[in-house]
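Descriptive analysis of the structure
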Amino acid sequence: MEATGRSALYVCCVLLILTEVSSELIHIPSLVHHGIEGKPMLLSVETRYPLDDVEIQGTWSHTRPSGTRTTLVTFTKEATIINMMYRNHLLFKEPNVSLIIRKLNHEDEGDYHLNLNIQFNNQTGLVIKEERTVHVTVDVPVSSPVIQKSPSYAVVEDKANATLTCSVERGTRVVFQWLRDNQTLGASNRYHFTQDNSTLFISIVRKEDKGTYHCVASNAVSQGLQSKAVDLNVYYGPYNLEVNSDQGLRTGEVFTINPGELVFFECQADSNPPNSYVWISKSRNATQVIYEGPRLEVRSYKLAQAEEYLCRAFNNVTQKQDETQFTLVVAKYLAGKEKHIQEGSNFPPFAAVVVSSLFIISCMLLFFLKRTCRPKRVLMSIYNRIRNRFIGHEDATEDFGIYEFVSVPGKMESAQASCRSLARLESVQDMHTTIYDMISHVPETPSHSLLE
C-alpha cells in the first residue's frame, strides 16, 4: 500500500509539471500570414523541448474557405510523408516541424492546422498534445490608382452633382480612401460612397466641395498608393461682398475723406468666376449707374454734399448677385454742416436788429398817437404787419430803414375828425390828408456779398 501511494504521488507531480510546461513546448510567431501571389511563404514553428528526449507525431492540414479540409503532411521523429498531390508545392522542415509553401496561389488561402503529440522518454504512457492554427491570405499588390470624374467640366453650385471613381489595374481586396486638399473625407448627407469606397458621389455640389481630390488604394500586402490629383472646379458666389479703400477714415458704412482728395474704392467678393461689378450713385432725385468695374475713382471736390454709393456684384454663371452700400462724406462739408446746425440754434442777428427797430418804432408811434387820438385800427394794422413779418409771412427787409412822423398843420377839430375817420383808412390806397404821415427812408439794398 505504501509503494502504491508513492507511485501515484510521483505521477501526479509529473502531470503538474508537464501541464505548466505544455503551453511553451511550441510557439508560432504569427498566427496570421498575408502572402503575395507567386511568392513563397514560411509557416514557422519554434520547438521548446529537447528533441533527443521525446518522441513526436503530428500532421499539417489545410482547410480552404469553402470548408474542404486536406491533410498535407504526416510526420514523426524518424519519417515524413507529404501528400502526393502537394509534393512539388510544399516543403517540410525538420526538426522544428515548420512548413514552407513554395509558390502561393489563391487556392492556398485558408487555415493551416498543426496537430502535434509529444511523449517524453522518461514518462512512458504520458502524451502531451499541442494544436495551432495559422490563417493565410494571398493577395496581389495594388497598382497606382486612377480617378475618373463625371462630369469632366466645372459644375455650378446648388444645381449639379459630381461623381469621382477610383480604380486600379491590379490588386485584390483593395481598400480605397478619399482626400480633399489632403483632408480625409467621410460619409455625410451629401457625400455617399460605394461599399468598397471606390466611388464618391457628391449630391448637390457646393462651394466647399471645390478643391483637389486624391484617392489612396491599399491592401494587406501593399502600402497606400496615392493617385494623381484631380481638381473639382465649382462655380459659386458672390459671397462676402465688401468695399475697401486705403484712403479716408471709415466708420461702419461711412467713409470720410479730405477736401481735394482723390479716393479709390475697390469692390471685392468671393466668387468663381470673377464677378461683374457696377457702381451706382444714389441721391434723393435719381439713382444712376456711374461706373462698371471693380475699382471706382472719386474726386472729393465734385461732391456737393454727402452721397450714397452702391456696389453690385453679379456672377454671370451662377446667376447670383449681391450688393453693398456706403456713404461718402467730405470732411469740410461735414464740419460746415455741424457749424450751420450750431448757428441755426441761435437767434439770427439781422432778425434781432429788425425786431428791435420795429419795437422802438411801435413805441414811438403809440406815444404820439395817444397824445392826439386813439386810432385803434391803425395800431392794429401796424401791429399785424410787424407780427407777420416777424414770423416770416412777409419779407422783413422791406421794413428796414429810417421812419419819420410828420404832422399836418390844421385845427384840432379837423384832427379829431380825422381820428374818428381813421377806421376807414385801410381801404384807401392813396391818402394825402392824415394826421401823421409815416415816411420810411429805405437805404439802398446791400450787395449779396455782404449779406453773406
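Because the structure is a prediction, the values reported are computed rather than measured. (Residues numbered from 1 in each chain as written. Predicted model: local features only at pLDDT ≥ 70, side-chain atom pairs only at ≥ 80, totals over all residues. Heavy atoms only, no water.)

1. A short note on the nonpolar core
In terms of nonpolar packing, the biggest core is built from 29 residues, with W60 and F75 touching the most fellow members. Of all the secondary structure elements, the ones that give two or more residues to this core are β3 (41–43), β5 (54–63), β6 (69–76), β8 (90–93), β9 (98–101), β10 (110–120) and β11 (127–139). Per element, the largest residue contribution to this core is five residues, and it comes from β10. Apart from residues no more than four positions distant in its own chain, F75 is found in contact with I56, Q57, G58, T59, W60, T80, F92, V97, L114 and L116. In terms of nonpolar packing, the next biggest core, distinct from the first, is built from 20 residues, F176, L185, C215 and A217 among them. (Core = buried A, V, L, I, M, F, W, Y, C linked by side-chain atoms within 4.5 Å. Buried < 20%, exposed > 50% of the residue type's maximum accessible area, 1.4 Å probe, protein only. Helix = DSSP H or I, 4+ residues; strand = E, 2+ residues; numbered from the N terminus. Contact = heavy atoms within 4.5 Å.)

2. Re the sheet that holds β5
Strand order in this open sheet of six strands is β2-β11-β10-β5-β6-β7, and the pairing throughout is mixed. A single partner strand is all that each edge strand has here, and the edge strands are β2 (32–36) and β7 (80–82). On average, each strand axis in the sheet is inclined to that of its neighbour by 20 degrees, with strand direction left out of account. With seven bridges connecting them, β5 and β6 associate as antiparallel partners. By the bridge assignment for β6, H62 is matched with T70. (Pairing = 2+ DSSP bridges. Axes fitted to C-alpha atoms, helices over the stretch in contact; angles between N-to-C directions.)

3. Examining the pattern of salt bridges
Under the counting rule described, the total for this entry stands at 11 salt bridges. Notably, a salt bridge pairs D139 with R173, separated by 2.9 Å at the nearest N-O pair. One end of the pair, D139, is in strand β11; the other, R173, is in the loop between β14 (162–167) and β15 (175–180), with 34 residues separating them in the sequence. Its salt-bridge partner being D158, residue K320 comes within 2.9 Å of it at the nearest N-O pair. Taken together, the residues span a long stretch of sequence, with K320 in strand β30 (residues 320–330) and D158 in the loop between β13 (155–156) and β14 at a distance of 162 residues. A relative accessible area of 28% places K320 in the partly exposed class. What you see here is one network of salt bridges that share partners, running through E109, D139 and R173. (Salt bridge = Lys/Arg side-chain N within 4 Å of Asp/Glu carboxyl O.)

4. Focus on the side chain of S198
Counting through the fold element by element, S198 comes out in the loop between β17 (191–193) and β18 (199–202). The contact partners of S198, leaving out residues within four places of it in the chain, are L164, T165, C166, F176 and W178.

5. Overview of the side chain of D209
You can see D209 is positioned in the loop between β18 and β19 (211–219). Look at D209 and you get buried, because its relative accessible area is 0%. Of the polar contacts made by the side chain of D209, one reaches the side chain of Y191; its length is 2.6 Å. Dropping the residues within four chain positions of it, D209 is found in contact with R180, R190, Y191, I202, I204, L232 and V234. (Polar contact = N/O pair within 3.5 Å; in protein donor to acceptor, adjacent residues only side chain to side chain.)

6. So, the packing of aromatic side chains
Taken as a whole, this structure holds five aromatic pairs when the rule is applied. Considering the side-chain rings of Y236 and Y239, the 6.2 Å spacing of their centres and the 15 degrees angle between planes classify their relative orientation as stacked. Residue class for Y236 comes out buried when judged on its relative accessible area of 9%. By way of ring pairs, the aromatic residues F265, W279, Y309 and F326 are connected into one cluster. (Phe/Tyr/Trp six-rings, centres within 6.5 Å; stacked < 30°, edge-to-face > 60°.)

7. Regarding the state of the cysteines
Under the definition given, this model contains two disulfides. Across the disulfide from C166 sits C215; the S-S distance is 1.9 Å. Its torsion about the S-S bond being 50 degrees, the disulfide of C166 and C215 is classed as right-handed. With C166 in strand β14 and C215 in strand β19, the pair connects residues that are 49 residues apart, well separated along the chain. As far as the burial class goes, C166 and C215 line up, both buried. Shown here is the disulfide that connects C267 with C311, its sulfur atoms set 1.9 Å apart. For the disulfide bridge between C267 and C311, the dihedral angle about the S-S bond is near -110 degrees, and by the sign convention the bridge is left-handed. (Disulfide = S-S within 2.5 Å.)

8. Focus: the sheet that holds strand β29 (residues 307–315)
Reading across from one edge, β23-β24-β30-β29-β26-β27 is the order of the six strands in this open sheet, with mixed pairing throughout. Edge positions in the open sheet fall to β23 (249–251) and β27 (287–292), since each of these has one partner strand only. Here the average twist between neighbouring strands, direction ignored, is 30 degrees. Pairing of β23 with strand β24 (residues 254–257) involves three bridges; the strand directions are antiparallel. By the bridge assignment for β24, R250 is matched with F255.

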